[in-house]
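Coordinate analysis (summary)
Chain residues, written in single-letter form:
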Amino acid sequence: MDYSLKVMDHFSNPRNMGSIENSDGVGEVGNAKCGDIMKIYLKVENNRIADVKFQTFGCGAAIASSSMATEMIKGKTLEEAWKLSNKAVAEALDGLPPIKMHCSMLAEEAIHEAINDYLKKRGLETWDE
Amino acid sequence: MDNSATTPVRKEVVEEMLPYMTENFGNPSSIYEIGKISKHAIDKARKKVADALGSEENEIYFTSGGTESDNWAIKGIAFANRSKGKHIITSSIEHHAVLHTCAWLEGQGFEVTYLPVDKYGIVSPEEVKKAIRDDTILISIMLANNEIGTIQPVEEIGKIAKESRIYFHTDAVQAIGHVPIDVNKMNIDLLSLSGHKFEGPKGCGALYIQKGTKIDTFLHGGAQERKRRAGTENVPAIVGLGKAIELATAEIEESNKTLLELRGRLVKGLLKIPKAHLNGHPTKRLANNVNITFEYIEGESLLLLLNAKGIFASTGSACNSFSLEPSHVLTACGVPHEIVHGSLRLSLGRMNSEQDVDRVLEAVPEIVQKLRNMSPLTPKEYRTS
Amino acid sequence: MDNSATTPVRKEVVEEMLPYMTENFGNPSSIYEIGKISKHAIDKARKKVADALGSEENEIYFTSGGTESDNWAIKGIAFANRSKGKHIITSSIEHHAVLHTCAWLEGQGFEVTYLPVDKYGIVSPEEVKKAIRDDTILISIMLANNEIGTIQPVEEIGKIAKESRIYFHTDAVQAIGHVPIDVNKMNIDLLSLSGHKFEGPKGCGALYIQKGTKIDTFLHGGAQERKRRAGTENVPAIVGLGKAIELATAEIEESNKTLLELRGRLVKGLLKIPKAHLNGHPTKRLANNVNITFEYIEGESLLLLLNAKGIFASTGSACNSFSLEPSHVLTACGVPHEIVHGSLRLSLGRMNSEQDVDRVLEAVPEIVQKLRNMSPLTPKEYRTS
Ligand SMILES: Cc1ncc(COP(=O)(O)O)c(C=O)c1O
Ligand SMILES: Cc1ncc(COP(=O)(O)O)c(C=O)c1O
Ligand code: FES
Ligand code: FES
């Protein structure tokens, strides 16, 4: 695969890898295309993402996207985090090979799931795509 | 350690090829002589291929590679024997050059039976027998599989085909230089091979066609290859293929002895990793092939981390394929979907040493652990952080 | 002087190819990097071919040569568009790679119109128009003929095909490096070329397929060439083809100027021999092609005597062909049977000089005379003994 240096960096040294005990929201999604799985854990304080961790079962692009996406939403408000698109993640990684674009979708979807899980736990209404 | 994908061209082979690319061409005024020299060179190469297969020289046809050989064998037999029948038998673990050709023929009105394999990837001769119909015209079963190295009972299948007077083709692309071949003893009517899999050149292969076989031409045009395969002959590549198969065949025994030792060491070492499973048959496999699945992790990321350590390998993971489909071979062997993802193929070559094996055995456990720590699927007891 | 049959690989081309056969392969631990290097090298070569044809890069597919390109184009279009129709139009002077492919398709239920040519070997666009039926799916007319060098009115034929929404394929194997090509301006949907005809390597060619063309895969298998042409890529050859087409295209104008001068000298000199006739068109022909018939003599013996003097050439004589049929091209141009026997093709190359031409002009009259003295057909007035 023709991965950018940025992808290789985030893949080899993933940021925010792991899980959060007593997290405020967890999102787990599977990739319809290749069957891979990503899990995002959120710690939320004052509507902001105080901490975030991920676990990923997937390819280099999926792991790098997880790492980059968690970096990008850390410290952001939930609304800001919700708006993070897979395209923005891919761009931040200096691009992904076309066949690997779907891997960055995992990150976007897992973040949405995690935020909705948080909202649900709070008894709030979940958000739509 | 990815010698099943492609091998570098062997030094002795390059040396044989070069004159046909450079010097001999440098002197246009001697072109007529070159014509003769080239013809003799091709004949010599053809003899070497025939010797490696136990066939006659005039049963060997040079092609552009394993893919063309497979396409020619299957389409050529199908179209030439259409009036006799429209049924083809193959297995579910063939190379795509066979499977996609069969699929295309299905679109042309042919019918194809894709035989299942057991958990080791072996086709049962009994199943072949049962699948034969009155209108079966071709059986195509590979000699050795490119992913899991499983060696098929080709001789038995050939015998069944012969008894039923059905043509038998075998894709031997992975077998050359590893499995001794005798087309007559094995009852093979058509056999495909490809130069770059045994340290010969890319873009050159051969098809063995037993005398008297009714087969259509596939590449139509000029009168080359006794009017059966058109196209200006790729002289340097043909010469290289001849040299490479000569060397590879002469060294089978010696090479297999070394490879078996290395393979044993590699398999033993890798299976020490918990939740690791060997794919394919424990003994009926190519001496150079190791295919192992590590649960909870995905193969492409495993490859990338290995690459970073200078180790090149291959995987059946969906993520590493253009189609995003997991390996059809491992799937056919009944390996569950999630587990196919974590497969790793290492294929040893003549240049690999014990040190190389040890380097792999040092690198893999660490990398597998790193990825398991990252994976949401890994149970607690297999995590270290 | 037989550059239309094959050309030596150009020095600059061999130099570009070698690293992909040797050095880059010598270091197995860097194989992953080699994978990328190879991919980039192929992309670069693809760009060079696209530039030479005025196409997009993703419209170029590498093949094993002109023969495969022709087979793919014609069978691929035929099978993919069978539901639309079963009629194909081609000419009677195409290369056998086209004609034999069409003949095979006739056996598969397709119908083929073989258009006649005028005495110069030119296909009339009017005739093409008239031959079109409701079920015509493909028109295949070569750009330049390999025997008599005639250049066809491809742009006009392409226009007719476009207006009738019929795919148009042209065999440009002989045209590369001689005729400037712009596939869009010329309304070409498919174009075949072959490396070794313009000082590139043997065993490598390309097929241009316009985006959106409905065509079946011909070589089924792996996902190479964006899943349309399977088979491990012949990297060194592809690199060489790219370099060769770049050089050949850049030099068209200059090379044609030199060749036209040499050709003029050659034709003028040879036509001084009595009862000698130029075959093909006087001006609408490849700058490097000379095809002349000498009455009363037979071509193979002419070739042999020329060879003895270090001059290599070609003939349309039946005696020199595997089928013992005289040239179908000259026959289609209306050259009478007895006279076809005495045809001589000389095809000039970049390496030929005025001295070479003069050497031919010195040798041929003498040899022709010798053979005429030997022939029972020669009238008294053309004998010297
Ligand atoms: C078993 C098998 N068959 C056919 C092929 C196709 O050979 P090639 O890529 O040389 O055309 C390969 C290699 O990719 C193979 O491993
Ligand atoms: C016009 C034409 N088409 C096709 C071919 C076939 O090319 P190749 O022999 O490279 O397959 C040739 C050369 O022999 C040719 O001159
Ligand atoms: S996660 Fe499967 S292709 Fe990226
Ligand atoms: S006379 Fe010998 S082949 Fe024609």
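By the naming in an unreviewed UniProt entry, chain B is Cysteine desulfurase IscS, taken from Methanosarcina spelaei. Within the UniProt record for chain B, the comment given under Subunit (unreviewed entry) is "Homodimer. Forms a heterotetramer with IscU, interacts with other sulfur acceptors." According to UniProt, the comment filed for chain B under the heading Subcellular location (unreviewed entry) is "Cytoplasm".

Per an unreviewed UniProt entry, chain A goes by Iron-sulfur cluster assembly scaffold protein and derives from Methanosarcina spelaei.

On to the overall build of chain B. A tally of helices and strands in chain B yields 14 helices and 10 strands. Since a compact globule built from 385 residues should have a radius of gyration of about 21 Å, the 22 Å found for chain B is in line with a globular shape. Each principal axis of the C-alpha distribution contributes one length, and for chain B these read about 70 × 55 × 35 Å. For chain B, the residues scored as buried account for 64% of the 385 residues in total. Here the analysis covers contacts within chain B between residues at least 6 apart in sequence; of these, 71% occur between residues at least 24 apart. For chain B, the exposed surface amounts to about 14,300 Å²; the carbon and sulfur share of it is 52%.

Okay, the UniProt feature "binding site: pyridoxal 5'-phosphate" (unreviewed entry) in chain B next. UniProt annotation of "binding site: pyridoxal 5'-phosphate" (unreviewed entry) refers to G66(B), T67(B), N146(B), Q174(B), S194(B), G195(B), H196(B) and T232(B) when read in the numbering used here. Taken together, the annotated residues stretch across 167 residues and extend over separate regions, lying up to 30.1 Å apart by C-alpha. Along the chain, T67(B) falls in helix α4 (residues 66-80). Taking the relative accessible area as the measure of exposure, T67(B) reaches 10% and is therefore buried. Non-local contacts of T67(B), meaning those with residues more than four positions away in its chain, are made with A97(B), L219(C), H220(C), A230(C) and G231(C). Structurally, G195(B) can be placed in the loop between β6 (190-194) and β7 (205-209). Ignoring anything within four residues of it in the chain, the contact list for G195(B) reads G200(B), P201(B), C204(B), G205(B) and L241(B).

Residue and element names in this part refer to chain B. Reading across from one edge, β8-β9-β10 is the order of the three strands in this open sheet, with antiparallel pairing throughout. Single-partner strands in this sheet number two, and they are β8 (276-278) and β10 (343-347). Averaged over all neighbouring strand pairs, the angle between strand axes comes to 25°, with direction disregarded. Sheet topology places strand β9 (residues 289-294) next to β10; five bridges connect them, and they run antiparallel. Bridge assignment links N289 to a residue of β10, and that residue is S347.

Take the site of ligand 1 next. The environment of ligand 1 is made up of 14 residues, and the closest members are T67(B), D171(B), S194(B), K197(B) and T232(C). Residue neighbours of ligand 1 fall on chains B and C, so the site bridges chains. Take G66(B): an N or O atom from its main chain is 3.4 Å from an oxygen atom of ligand 1. Residue H196(B) places a side-chain N or O atom 2.9 Å away from an oxygen atom belonging to ligand 1. For ligand 1, the accessible surface in isolation is 390 Å², of which the surrounding protein chains cover 93%. In terms of residue count, the dominant contributor to the shell around ligand 1 is α4(B) (three residues). The residue makeup of the shell around ligand 1, split by class, is two nonpolar, nine polar and three charged.

To continue, consider the UniProt feature "binding site: [2Fe-2S] cluster" (unreviewed entry) in chain B. UniProt tags C319(B) as "binding site: [2Fe-2S] cluster" (unreviewed entry). Assignment of secondary structure puts C319(B) in the loop between α11 (299-308) and α12 (328-332). C319(B) sits in the buried class, given a relative accessible area of 1%. The contacts of C319(B), once residues within four sequence positions are left out, are C34(A), D36(A), C59(A), K100(A), E298(B), E300(B), L324(B) and H341(B).

Moving on to unusual backbone geometry. Phi at N46(A) is positive, roughly 50°, even though this residue is not glycine. With respect to the helices and strands, the residue N46(A) is situated in the loop between β2 (37-45) and β3 (48-57). For N46(A), a relative accessible area of 76% translates into the label exposed. The phi dihedral of N187(B) falls on the positive side, at around 55°, and the residue is not glycine. Position of N187(B) among the secondary structure elements: in the loop between β5 (167-171) and β6.

Look at helix α9 (residues 235-250) of chain B: 23 Å from first C-alpha to last across 16 residues, which is about the 22 Å you get at 1.5 Å a residue. With 13 of 16 residues buried, α9(B) is to be regarded as a mostly interior element.

So, on to the relation of the copies chain B and chain C. Relating one copy of the chain to the other takes a rotation about an axis and a shift parallel to that axis. Laying chain B over chain C is done by rotating through 180° and shifting 0.0 Å along the axis; what remains is an RMSD of 0.1 Å. The transformation just described matches what one would write down for a two-fold rotation axis. Residue S64(B) of chain B places its C-alpha closer to the rotation axis than any other residue of that unit, at 3.0 Å. By residue overlap, the copies meet face to face through one surface: 100% of the interface positions of chain B are interface positions in chain C.

Moving on, we come to empty space enclosed by the protein. Taken as a whole, this structure holds four cavities of 30 Å³ or more when the rule is applied. Volume-wise, the largest cavity comes out at about 240 Å³. Of all elements in the fold, only α1 (11-21) and α9 of chain B together with α1 (11-21) and α9 (235-250) of chain C reach the threshold of two or more residues within the lining of the largest cavity. Looking at the lining of the largest cavity, its residues break down into 16 nonpolar, two polar and two charged. In this structure, the second largest cavity spans a volume of roughly 120 Å³. Forming the walls of the second largest cavity are 15 residues, and the residues nearest its centre are K75(B), W104(B), F218(B), K75(C) and F218(C). If you list the elements that add at least two residues to the lining of the second largest cavity, you get α4 of chain B together with α4 (66-80) of chain C. Along the lines of polarity and charge, the residues of the lining of the second largest cavity split into six nonpolar, five polar and four charged.

If you look at the interface, chain B gives 50 residues, while chain C gives 51 residues. A buried area of about 4,200 Å², summed over both sides, lies between chain B and chain C, and 68% of it is on carbon and sulfur atoms. Viewed at the interface, chain C and chain B are joined by zero salt bridges. One can count 11 residue pairs in polar contact (both at pLDDT 80 or more) joining chain B with chain C.

Moving on: the sheet that holds strand β10 (residues 343-347) of chain C. Residue and element names in this part refer to chain C. The three strands are arranged β8-β9-β10 in an open sheet whose pairing can be described as antiparallel. Edge positions in the sheet fall to β8 (276-278) and β10, since each of these pairs with one other strand and no more. Along the sheet, successive strands turn relative to each other by an average axial angle of 25°, direction set aside. The sheet contact formed by β8 and strand β9 (residues 289-294) spans three bridges and is antiparallel. By the bridge assignment, H277 is partnered in β9 with T293. Along the sheet, helix α10 (residues 252-270) makes contact with β8, β9 and β10, crossing β9 at roughly 5°.

A separate point is the site of ligand 2. Around ligand 2, the structure places 15 residues, and the nearest of them are T232(B), T67(C), D171(C), S194(C) and K197(C). T67(C) places a polar side-chain atom, nitrogen or oxygen, 2.6 Å from an oxygen atom of ligand 2. Its free accessible area being 390 Å², ligand 2 has 93% of it covered by the protein chains.

Bringing the packing of α4(B) against helix α5 (residues 96-107) of chain B into the picture now. All names here are of chain B. Between α4 and α5, whose axes approach to 9 Å, the crossing angle comes to 30°. Between α4 and α5, the angle is such that the two are roughly parallel. Of the two elements, α4 crosses α5, and the hand of that crossing is right-handed. Together, T67, D70, N71, I74, K75, A78 and F79 of α4 and A97, V98, T101, C102, W104 and L105 of α5 make up the contact between the two elements.

What counts as what
Residues numbered from 1 in each chain as written. Chains lettered and ligands numbered in written order. Predicted model: local features only at pLDDT ≥ 70, side-chain atom pairs only at ≥ 80, totals over all residues. Heavy atoms only, no water. UniProt positions renumbered as here; feature names shortened; annotations may be inferred. Helix = DSSP H or I, 4+ residues; strand = E, 2+ residues; numbered from the N terminus. Rg over C-alpha atoms; globule rule 2.2 N^0.38 Å. Buried < 20%, exposed > 50% of the residue type's maximum accessible area, 1.4 Å probe, protein only. Contact = heavy atoms within 4.5 Å. Areas by Shrake-Rupley, 256 points an atom, 1.4 Å probe, with all protein chains shown as cover. Pairing = 2+ DSSP bridges. Axes fitted to C-alpha atoms, helices over the stretch in contact; angles between N-to-C directions. Near = heavy atom within 4 Å. Polar contact = N/O pair within 3.5 Å; in protein donor to acceptor, adjacent residues only side chain to side chain. Nonpolar A, V, L, I, M, F, W, Y, C, P; charged D, E, K, R; others polar. Expected span 1.5 Å × (residues − 1). Least-squares fit on C-alpha atoms with pLDDT ≥ 70 in both. 1 Å grid on protein atoms, 1.4 Å probe; cavity = no way out; pocket = protein on both sides within 12 Å on 5 of 7 lines; lining within 4 Å. Points joined across faces, edges and corners; volume = space filled by probe spheres on them. Buried area = accessible area lost by both parts, 1.4 Å probe. Salt bridge = Lys/Arg side-chain N within 4 Å of Asp/Glu carboxyl O. Parallel < 35°, antiparallel > 145°, perpendicular 65-115°, else oblique. Left-handed = near helix turned anticlockwise from the far one by under 90°.

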